[in-house]
Amino acid sequence: MKRREFLKLSLGSAAVAALPLRARAEAAVKEIRIGYQKNGVLVIARQRATLEDHFKSAGIEVKWVEFSSGPPMMEAMNVGSVDFGAVGDSPPVFAQAAGAAIVYAAGQPITNGQGILVPQNSAIRTIADLKGKRVGFTKGSSAHNIVVQTLEKAGLIYSDITPVYLTPPDAGPAFANGSIDAWAIWDPYFAIGETKQNGRILVNAHEITKTNSFFIANRDFARNHGPVLQQIIDVLASTANWAEAHRDEVAKSLSTVTGIPLDIQTIAANRAAFRIGPVTDDIVATQQGVADRFFKLGLIPKEIAIRDIVWRNPQS
């Protein structure tokens, strides 16, 4: 190599090294692939294009990938098809136990909008009445955790019910036609079951236990592009604060993006909690309880430590 070429390459490398970490991280990212479901802050962010507006100057595109529930999103994230997404409490537990390449990036306490429904004319009036009944829910989802903890509260065990594993789009018709006796689900399907499918709330999740939802990132994405990940969280936190004060507009955004009627999304928006924050020690402890319970029941193959995969911004 000629001396002039060597100096040119050396100077170029030095210039890159001198760039701020944020700029280098942005330069390496051309696209952010975000997994979302039919609810929550990500839907609002998509409708309002808050992430697109933020990253436009850096030349970073945002791609949205819809999932019907958390477990398939975790599978996609593990193989690197999705960089970031939002799920309930159970999917990341199952994913971590399976060795998935994920990290907890941010947390969001859930105060309402999920629980267990039964038909209006059902003889099921108490949790104890679920014994021997067919309960539908998505395996590995937040509804799975609600079922387990609800049974515990009544002194029942998992084998006292017949679990029927169904995705939300399949569970709705099964509930409506009587193929299942009860349905554990989250909004907006929870609201659909109440208002359109003759459902009655047997129990709200917040009456049973503290629950959280999470923003999860692919492990390599978090490791290699921490400043970009922090920017995503910051933008979503700002979007969440806006949503808390503009619920009517939130309902319209949710309806527009998901195609679910406005009256349904209005119910969901009015009872949702949007604020986003770090994964605190309290949230870790609550999530560890979920993991320990699932291991005890044999639902996951090994014990896991939630704290092991909590992402911390190295710049904070």
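So, a few notes on the structure that sits alongside this text. (Residues numbered from 1 in each chain as written. Predicted model: local features only at pLDDT ≥ 70, side-chain atom pairs only at ≥ 80, totals over all residues. Heavy atoms only, no water.)

### Some thoughts on the side chain of Asp89
Consideration 1: Inspection of the secondary structure assignment puts Asp89 in the loop between β3 (84–87) and α6 (90–97).
Consideration 2: Buried charged residue Asp89 carries no salt bridge. Nearest counter-charge: Arg293, at 7.8 Å.
Consideration 3: Within the structure, Asp89 has its side chain in polar contact with the side chain of Asn145 (distance 2.9 Å).
Consideration 4: If we ignore the near neighbours within four places in the chain, the residues touching Asp89 are Ser142, Asn145, Thr211, Asn212, Phe214, Gln287 and Val290. (Helix = DSSP H or I, 4+ residues; strand = E, 2+ residues; numbered from the N terminus. Buried < 20%, exposed > 50% of the residue type's maximum accessible area, 1.4 Å probe, protein only. Lys, Arg positive; Asp, Glu negative; His and termini not counted. Salt bridge = Lys/Arg side-chain N within 4 Å of Asp/Glu carboxyl O. Polar contact = N/O pair within 3.5 Å; in protein donor to acceptor, adjacent residues only side chain to side chain. Contact = heavy atoms within 4.5 Å.)

### Regarding the sheet that holds strand β6 (residues 134–137)
Consideration 1: The 5 strands lie next to each other as β7-β6-β8-β5-β9, forming an open sheet whose pairing is mixed. Two strands lie at the open edges of the sheet, namely β7 (162–165) and β9 (199–204), each paired on one side alone. Taking the axes of each pair of neighbouring strands and ignoring which way they run, one obtains an average angle of 30 degrees across the sheet.
Consideration 2: Note that strand β5 (residues 114–119) and strand β8 (residues 182–186) share 4 bridges and pair antiparallel. Bridge assignment links Gly115 to a residue of β8, and that residue is Ile185.
Consideration 3: This element, helix α8 (residues 168–176), spans β5, β8 and β9 of the sheet and lies at about 145 degrees to β8. (Pairing = 2+ DSSP bridges. Axes fitted to C-alpha atoms, helices over the stretch in contact; angles between N-to-C directions.)

### As for the sheet that holds β3
Consideration 1: Reading across the sheet, the 5 strands line up as β2-β1-β3-β10-β4 and stay open at both edges, with mixed pairing between neighbours. In the strand order of this sheet, the two ends are held by β2 (61–66) and β4 (102–110), each with one partner. Each neighbouring strand pair of the sheet contributes to a mean axis angle of 20 degrees, computed without reference to strand direction.
Consideration 2: As defined by bridge partners, strand β1 (residues 31–36) adjoins β2 across 6 bridges and the pair is classed as parallel. Counted as the bridge partner of Tyr36 is Glu66 from β2.
Consideration 3: Sitting on the sheet, helix α5 (residues 70–78) is in contact with β1, β3, β4 and β10 (211–218), with an inclination near 155 degrees to β3.

### Side note on the packing of helix α11 (residues 226–245) against helix α12 (residues 247–258)
Consideration 1: For the pair α11 and α12, the least separation of the axes is 6 Å and the interaxial angle reads 115 degrees. When the interaxial angle is binned, α11 and α12 end up roughly perpendicular. Only Arg247, Glu249 and Val250 of α12 make contact with α11, whose side of the interface consists of Trp242, Ala243, Glu244 and Ala245.
Consideration 2: Taken together, the residues of the contact of α11 with α12 break down into 4 nonpolar, no polar and 3 charged. (Parallel < 35°, antiparallel > 145°, perpendicular 65-115°, else oblique. Nonpolar A, V, L, I, M, F, W, Y, C, P; charged D, E, K, R; others polar.)

The analysis is restricted to geometry; functional conclusions fall outside its scope.
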